[in-house]
Amino acid sequence: EGLKDSILHGKTGLLCNSDFKSLADATFRIISDKELYNKLRAGALDWAGKFSWEDTVQTGLLLSTYAIGIPFQAALQVFSSAFYAQHDTKTPVVTSIVDVVLTVILQIVFVKAFGWGVWSIGLANSLAVIIQVSALYFALQKKIGGENGINVFPIMKSLVAATISGLFMFFF
């Protein structure tokens with residue numbers, strides 16, 4: 001159930017409705033009540049203590065490998081919308097199906113065949129979406145590109161800079 005399993009109301013946090021007012025009220029209650037804050041903090045630290053350092057590292061690696069694909073997930077929405085604007089729903093649907101199949105295959109290969117950790121699930125997802133976006137880009141280029149093509153240089157500059165920055169932060 002997600003948060004309902006992770007948060008013990010009144011012990012490790014406060015459960016509230018998903019609307020903004022409920023969240024704001026719970027946040028204000030925690031901030032304004034020092035005793036409640038200390039109680040929830042102690043409970044959360046005790047609960048978090050059940051996880052080993054290796055669990056924390058694997059979670060960080062998993063989130064990092066998923067993060068690689070975030071710019072491509074955003075680009076996917078843009079490219080899919082471009083196809084929908086051209087009254088072409090088939091191309092994005094076909095690439096989405098291929099993406100799902102490729103993701104599953106890569107996950108199985110990375111985890112079972114290569115013996116990589118759980119982090120490789122995120123890597124498989126990111127690689128598959130990169131391939132999907134690339135396929136949509138080239139298909140769109142062919143469909144409407146014309147002589148000059150689609151200028152993605154500004155986007156690529158940002159992606160390269162973000163990738164270098166991320167790699168630098170990850171390894172150094």
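The rules behind these values
- Residues numbered from 1 in each chain as written.
- Predicted model: local features only at pLDDT ≥ 70, side-chain atom pairs only at ≥ 80, totals over all residues.
- Heavy atoms only, no water.
- pLDDT = per-residue confidence, 0-100.
- Helix = DSSP H or I, 4+ residues; strand = E, 2+ residues; numbered from the N terminus.
- Core = buried A, V, L, I, M, F, W, Y, C linked by side-chain atoms within 4.5 Å.
- Buried < 20%, exposed > 50% of the residue type's maximum accessible area, 1.4 Å probe, protein only.
- Contact = heavy atoms within 4.5 Å.
- Salt bridge = Lys/Arg side-chain N within 4 Å of Asp/Glu carboxyl O.

**Q** Just give me the short version of the confidence of the model for the protein chain, but keep the residues and values in it.
**A** Residue-level pLDDT values for the protein chain average 88, and 95% of them are 70 or greater. Least confident of the elements in the protein chain is helix α1 (residues 3–6), whose mean pLDDT is 70; most confident is helix α6 (residues 90–113), at 97.

**Q** Describe the nonpolar core, listing the residues and the values that go with them.
**A** With eleven residues, the main nonpolar core is built from Phe-72, Leu-76, Phe-79, Phe-83, Val-129, Val-133, Leu-136, Tyr-137, Leu-140, Val-152 and Leu-159. Elements represented by at least two residues in this core include exactly α5 (70–85) and α7 (119–144). In terms of residue count, the dominant contributor to this core is α7 (five residues). Not counting the four nearest positions on each side in its chain, Val-133 is found in contact with Phe-72, Ala-75, Leu-76 and Phe-79.

**Q** How would you explain the pattern of salt bridges if you had to name every residue and give the values?
**A** For the coordinates displayed, the defined rule picks out two salt bridges. Between Lys-21 and Asp-25 there is a salt bridge, with its nearest N and O atoms 3.0 Å apart. Of the two residues, Lys-21 and Asp-25 are both situated in helix α2 (residues 20–32); the distance of four residues between them amounts to about one turn of the helix. Taking relative accessible area as the criterion, Lys-21 reaches 54% and is therefore assigned exposed. The residue Lys-143 makes a salt bridge to Asp-88 at a minimum N-O spacing of 3.1 Å. With Lys-143 in helix α7 and Asp-88 in the loop between α5 and α6, the pair connects residues that are 55 residues apart, well separated along the chain.

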